[in-house]
Amino acid sequence: MGSINFNLLFEFFLILFGIYLLFSANKMKKTKEPTALLLQDEAAICRDKKGFAAEMEGKLRFFGAVMTVYGCVEAVNEAYLHNNWLQIIGVGILLLVCFWFVVKLRKAREKYI
């Protein structure tokens with residue numbers, strides 16, 4: 001029995017989570033209600049749920065798309081290419097987008113909560 005490749009397992013998790021974020025963004029656009037993922041316990045005290053959902057929907061979609069693409073690229077890199085530079089660049093881009101998303105989410109929460 002072969003050993004488990006935990007990097008590939010982690011990239012598969014990132015792909016699934018990115019797809020979940022894309023579905024959450026679509027749901028937010030349809031219902032005009034923020035997802036529990038973004039507001040958690042503050043949903044009851046949110047001043048403008050529709051405004052929050054409208055502001056964060058596109059940002060959540062972009063974040064989910066980047067995470068999904070990163071997971072796919074890194075899975076291919078891990079399985080076939082073994083390119084260290086591609087891995088370093090991919091991690092750098094993912095971290096930058098994560099930082100950008102957290103900053104935008106924090107600003108939106110300050111504005112609407």
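The rules behind these values
- Within each chain, residue numbers correspond to sequence positions counted from 1 in written order.
- Only residues with pLDDT of at least 70 get local features here, since the model is predicted, and only at 80 or more are side-chain atom pairs given and counted; chain-wide, interface and lining totals rely on the full set of residues.
- Neither water nor hydrogens contribute to the side-chain values; these are computed over all heavy atoms in the structure.
- Runs of H or I in DSSP of at least four residues are treated as helices and runs of E of at least two as strands, each being numbered from the N terminus.
- Throughout, exposure labels follow a simple rule: accessible area from a 1.4 Å probe, protein chains only, divided by the maximum for the residue type, with under 20% read as buried, over 50% as exposed, and the rest as partly exposed.
- To qualify as a nonpolar core, a set must consist of buried Ala, Val, Leu, Ile, Met, Phe, Trp, Tyr and Cys residues joined through side-chain atoms within 4.5 Å.
- We call two residues contacting when some pair of their heavy atoms lies within 4.5 Å.
- Just to be clear on terms, a salt bridge is a Lys or Arg side-chain nitrogen sitting within 4 Å of an Asp or Glu carboxyl oxygen.
- Here the expected length of a helix is defined as 1.5 Å per residue gap, with one fewer gap than residues.
- Aromatic pairs are defined between Phe, Tyr and Trp rings, using the six-membered ring for Trp, whenever the two ring centres lie within 6.5 Å; interplanar angles under 30 degrees are classed as stacked, those over 60 as edge-to-face, and all others as tilted.

Asks: I would appreciate a short explanation of the side chain of serine 24 in the present structure.
Replies: Take serine 24: it is sitting in helix H1 (residues 6-31). For serine 24, a relative accessible area of 7% translates into the label buried.

Asks: Any chance you could explain the nonpolar core here in plain terms?
Replies: Taken as a class, soluble globular proteins show a tendency for nonpolar side chains to be buried jointly. Ranked by internal contacts, the top residues of the largest apolar core, which has 21 residues, are Leu38, Phe52, Met56, Leu60 and Phe101. At the level of elements, H1, helix H2 (36-39), helix H3 (49-81) and helix H4 (84-112) are the ones that each hand at least two residues to this core. Among the elements that take part in this core, H3 stands out by supplying 8 residues, more than any other. Setting aside anything within four residues of it in sequence, one finds leucine 60 in contact with Leu21, Ser24, Ala25, Met28, Leu38 and Phe101.

Asks: Is there a simple way to think about the side chain of threonine 35 in this case?
Replies: Secondary-structure assignment places threonine 35 in the loop between H1 and H2. Here threonine 35 is in contact with Ser24 and Met28, once residues within four sequence places are set aside.

Asks: Explain the pattern of salt bridges here, please?
Replies: When the charged atoms of two side chains lie near each other, side chains of opposite charge can form a pair. Applying the stated criterion to the full structure yields 2 salt bridges. Glutamate 57 is paired through a salt bridge with arginine 61; the nearest N and O atoms lie 2.0 Å apart. Taken together, the residues glutamate 57 and arginine 61, both in helix H3 and 4 residues apart, mark about one turn of the helix.

Asks: What should I look at first to understand the environment of leucine 37 in this one?
Replies: Looking at the secondary structure, you find leucine 37 in helix H2. When its relative accessible area of 31% is taken as the criterion, leucine 37 is described as partly exposed. Spatially, the C-alpha atoms of leucine 37 and leucine 21 are 9.1 Å apart, while their sequence positions differ by 16 residues. Apart from the residues lying within four places of it in its own chain, the contact partners of leucine 37 are Tyr20 and Leu21.

Asks: Whenever I open this one, H3 confuses me. Can you help?
Replies: What sets the pattern is the α-helix's 3.6 residues per turn: residues three or four places apart point alike. Taking 1.5 Å per residue, 33 residues should reach 48 Å; H3 reaches 45 Å between its end C-alpha atoms and fits that length. Residue histidine 82 follows H3 closely and has a positive phi angle near 55°.

Asks: Help me understand the packing of aromatic side chains, please; the structure alone is not making it clear to me.
Replies: Two measures describe an aromatic ring pair: the distance that separates the ring centres and the angle between the ring planes. According to the stated counting rule, one finds 5 aromatic pairs in the structure shown. Note on phenylalanine 52 and tyrosine 112: the rings are 6.1 Å apart at their centroids and 85° apart in plane angle, and the pair reads as edge-to-face. Residue phenylalanine 52 is located in helix H3, and its partner tyrosine 112 is located in helix H4; the two are separated by 60 residues in the primary sequence. Under the relative-accessibility criterion, phenylalanine 52 is labelled buried at 0%. These aromatic residues form a ring-pair network of at least three members: Phe13, Phe17 and Tyr20.

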